[in-house]
Amino acid sequence: MEKSDYRKWAARAADWGADYLDGLADQPVRPAIAPGDVAAMLPESPPEAPEEMEAIFADFERIVPGAMTHWQHPRFFAYFPANASPASMVAEHLATSMAAQCMLWETSPAATEMEQVMIDWLRQAVGLPEGYRGTLQDSATTATLCAVLVMRERALDWAGLQDGMSGAPRLRIYASAQTHSSVDKAIRLSGIGQNNLVKVPIRKDYGMDPAALKDLIDADRAAGHLPAGIVMCTGGTSIGAMDPIAEVMDVAEAEGLYTHIDAAWAGAAMICPEYRHYWDGAGRADSIVFNPHKWLGAQFECTAHFLKDPASLIRTVGLRPEYLRTLGEDEIVNFNEWSVSLGRRFRALKVWFLMRAYGLEGLRARIRDHVAWTHMAADAVAEDPVLEIVTPPMLGLFSFAHTGGDHATLGMLEAINRDGRIYLTQTLHQGRSAIRMSVGQFDTTEEDISLAIAVIREFASKI
Ligand code: PLP
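Since we're looking at a predicted model, the values are computed, not measured.

Asker: I keep staring at the pattern of salt bridges and nothing clicks. Help me out?
Answerer: The tally for this structure, following the rule as stated, stands at 30 salt bridges. The residue Asp218 makes a salt bridge to Lys214 at a minimum N-O spacing of 2.8 Å. Of this pair, Asp218 and Lys214 are both found in helix 9 (residues 210–222), four residues apart, which corresponds to roughly one turn of the helix. Overall, the relative accessible area of 34% leaves Asp218 in the partly exposed class. We classify Lys214 as partly exposed; its relative accessible area is 33%. Arg368 is paired through a salt bridge with Glu274; the nearest N and O atoms lie 2.5 Å apart. Of the two residues, Arg368 sits in helix 13 (residues 348–383) while Glu274 sits in the loop between strand 5 (258–262) and strand 6 (287–290), which places them 94 residues apart along the sequence. Residue class for Arg368 comes out partly exposed when judged on its relative accessible area of 29%. Exposure remark for Glu274: the relative accessible area of 37% places this residue in the partly exposed category.

In structure tokens, the structure reads:
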């Protein structure tokens, strides 16, 4: 393909995308394919000679869309949403055309400065106090890894970066078992070690028990260990657990521990003032992550990482070799020093387009509908004689099970997903299998919820 053909193919791709989105509601959410089906359709070796774009595009249409799980489908109720609002898709097209590598201010002045402003727009949108700065990371996993690395280095007085962990005291990090597995991953990758992630017991409302946290810290200190930080969740992945942030912060501040909040999914709902009670006290945390690429509508990937003191992150993950110096401008923000990877995409553009195209009011209206419809669906499930609620609605998520036990629950789930009209996923809650229903896709309507309820009840009665 010649550069001069870019206009034609980019236009064709945009047309294809619009048709794809228009037709989604008529497709099964999850494709009816088996592992290996797609690989079997691809040649085993790369072509030696150039191929025509017509042929490549035709193969794309033949092989790919029918073998994709459709995340933008209005009846996608699995995992958490990964909304890509059309405005953010357009921004991604533009960013792709510029194809800039946004590692330094000098390599991407507009991207760097827009990122600083967008972080502040997002801070205001979710009601955090002034004083936070931050960056757009690629994922919540990366942001949490960064926070855990800061916990490690702060506790070791920044000796770990040079000396590694050998000979260091045993560091301890605290989180409840409701936090996402990205916390476990961060503990492993940071060299702190899984056995030093202390899983704090939860209360009846599934939030971390601050009294138990305090006891565990005391016991660790008495044993000669070195408490380093606490990870809290606002909206855990399994059932949407909410830690009591203010109470945990009281313990953290008294103990001098670094704090990180994982609000990857639920953070988006904090644009609605009426839900902010879920993270009362969040404005006291050192580090907070939320994913605009989940519920808010910024195309994947786009993770807001707010920081009270960016200097400690830069000191931990930043490196400035001679070839990355921007002469005479060393004090300028170079976002590669705020993240694990050096290279970075222009992520701020889609946040700018998203927030302008829908306004906070437009975004709030969607989230409020989703929360209301979650209650509607949970109420309907609760009324069914063979179904029961396992965990009640937490914003846009609740879980339920078949009264016939785990086998019936998982059998029903698989039958529903094979049917294709809706798509749900499962979790294990207190030793019991449960089906999660996560309402949050941008194009979902009340009719889609009614259809989902009908499908769930249809399959429940067949088990
Ligand atoms: N934290 C929570 C609460 C999540 O639900 C998820 C993913 O669903 C993550 C972290 C990981 O997000 P990412 O894919 O951005 O790393």
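Still more ground to cover, so stick around.
Asker: What is the right way to read the site of the ligand from this model?
Answerer: Around the ligand there are 13 residues in total, and Ala140, Thr141, Thr237, Asp262 and Asn291 lie nearest to it. Asp262 places a polar side-chain atom, nitrogen or oxygen, 2.6 Å from a nitrogen atom of the ligand. Within the side chain of His293, one N or O atom sits 3.5 Å away from an oxygen atom of the ligand. Here the ligand loses 85% of its free accessible area of 400 Å² to cover by the protein chains. More than half of the atoms belonging to the ligand lie within 2 Å of the grid points that define the second largest pocket. Those elements that provide at least two residues to the shell around the ligand are helix 6 (140–155) and helix 11 (292–296). In terms of residue class, the shell around the ligand is built from three nonpolar, eight polar and two charged.

Asker: Would you take a moment to explain the pairing of strand 7 (residues 303–307) for this structure?
Answerer: Of all five residues in strand 7, five are buried, a share of seventy percent or more. One ladder, built from five bridges, connects strand 1 (residues 133–137) with strand 7; its direction is antiparallel. Bridge pairing in strand 7 places Gln137 opposite Thr303. Where strand 6 and strand 7 come together, four bridges link them in antiparallel fashion. Each bridged residue has a counterpart across the sheet, and for Ile288 the counterpart in strand 7 is Phe306.

Asker: Explain unusual backbone geometry here, please?
Answerer: A negative phi angle characterises most non-glycine residues, just as the trans form characterises most peptide bonds. Cis rather than trans, the peptide bond between Phe300 and Glu301 has omega equal to -5 degrees. Along the polypeptide, Glu301 turns up in the loop between helix 11 and strand 7. Even without being glycine, Leu395 reaches a positive phi, approximately 50 degrees. With a phi close to 45 degrees, Gln430 is a non-glycine residue in the positive phi region. With respect to the helices and strands, Gln430 occurs in the loop between strand 10 (425–429) and strand 11 (432–438). Residue class for Gln430 comes out exposed when judged on its relative accessible area of 64%.

Asker: When you look at the layout of surface pockets in this model, what are you seeing that I'm missing?
Answerer: Unfilled space is identified by rolling a water-sized probe across the atoms. By volume, the largest pocket is sized at about 830 Å³. Lining the largest pocket are 25 residues, and of these Trp16, Gly17, Tyr20, Met89 and Gln299 lie nearest its centre. Among the elements of the structure, helix 1 (6–23), helix 3 (53–63) and helix 4 (86–98) are those that each provide at least two residues to the lining of the largest pocket. Counting residues per element, the lining of the largest pocket draws most heavily on helix 1, at seven residues. When the residues that make up the lining of the largest pocket are grouped by side-chain class, the tally is 18 nonpolar, six polar and one charged. Reported here for the second largest pocket is a volume of approximately 500 Å³. If you trace the second largest pocket, you find 26 residues lining it, with Phe80, His180, Thr237, Asn291 and Lys294 closest to the centre.

Asker: Before we go on, may I ask you to explain the sheet that holds strand 2 (residues 171–176) in this structure?
Answerer: The strands making up a sheet associate through hydrogen bonds between their backbones, and the pairing can be parallel or antiparallel. Taken in spatial order, the seven strands line up as 1-7-6-5-4-2-3 in an open sheet, and their pairing is mixed. Two strands bound the open sheet, and with one partner strand each, they are strand 1 and strand 3 (197–200). Direction aside, neighbouring strands of the sheet carry axes that sit 20 degrees apart on average. Two elements, strand 2 and strand 3, share four bridges in a ladder whose sense is parallel. Bridge assignment links Tyr174 to a residue of strand 3, and that residue is Val198. The sheet contacts of helix 10 (residues 245–255) involve strand 4 (226–233) and strand 5, and relative to strand 4 the element is tilted by about 170 degrees.

Asker: Where do I start with the environment of Ala177 in this structure?
Answerer: Following the sequence through the fold, Ala177 ends up in the loop between strand 2 and helix 8 (181–189). With 23 residues separating them along the chain, Ala177 and Val200 place their C-alpha atoms 7.0 Å apart. With residues near it in sequence (within four places) discarded, Ala177 still touches Lys199 and Val200.

Parameters and conventions
- Residues numbered from 1 in each chain as written.
- Predicted model: local features only at pLDDT ≥ 70, side-chain atom pairs only at ≥ 80, totals over all residues.
- Heavy atoms only, no water.
- Salt bridge = Lys/Arg side-chain N within 4 Å of Asp/Glu carboxyl O.
- Helix = DSSP H or I, 4+ residues; strand = E, 2+ residues; numbered from the N terminus.
- Buried < 20%, exposed > 50% of the residue type's maximum accessible area, 1.4 Å probe, protein only.
- Near = heavy atom within 4 Å.
- Polar contact = N/O pair within 3.5 Å; in protein donor to acceptor, adjacent residues only side chain to side chain.
- Areas by Shrake-Rupley, 256 points an atom, 1.4 Å probe, with all protein chains shown as cover.
- 1 Å grid on protein atoms, 1.4 Å probe; cavity = no way out; pocket = protein on both sides within 12 Å on 5 of 7 lines; lining within 4 Å.
- Sits in = over half its atoms within 2 Å of the grid points.
- Nonpolar A, V, L, I, M, F, W, Y, C, P; charged D, E, K, R; others polar.
- Pairing = 2+ DSSP bridges.
- Points joined across faces, edges and corners; volume = space filled by probe spheres on them.
- Axes fitted to C-alpha atoms, helices over the stretch in contact; angles between N-to-C directions.
- Contact = heavy atoms within 4.5 Å.

Remember, this is a structural readout, not a statement about activity or role.
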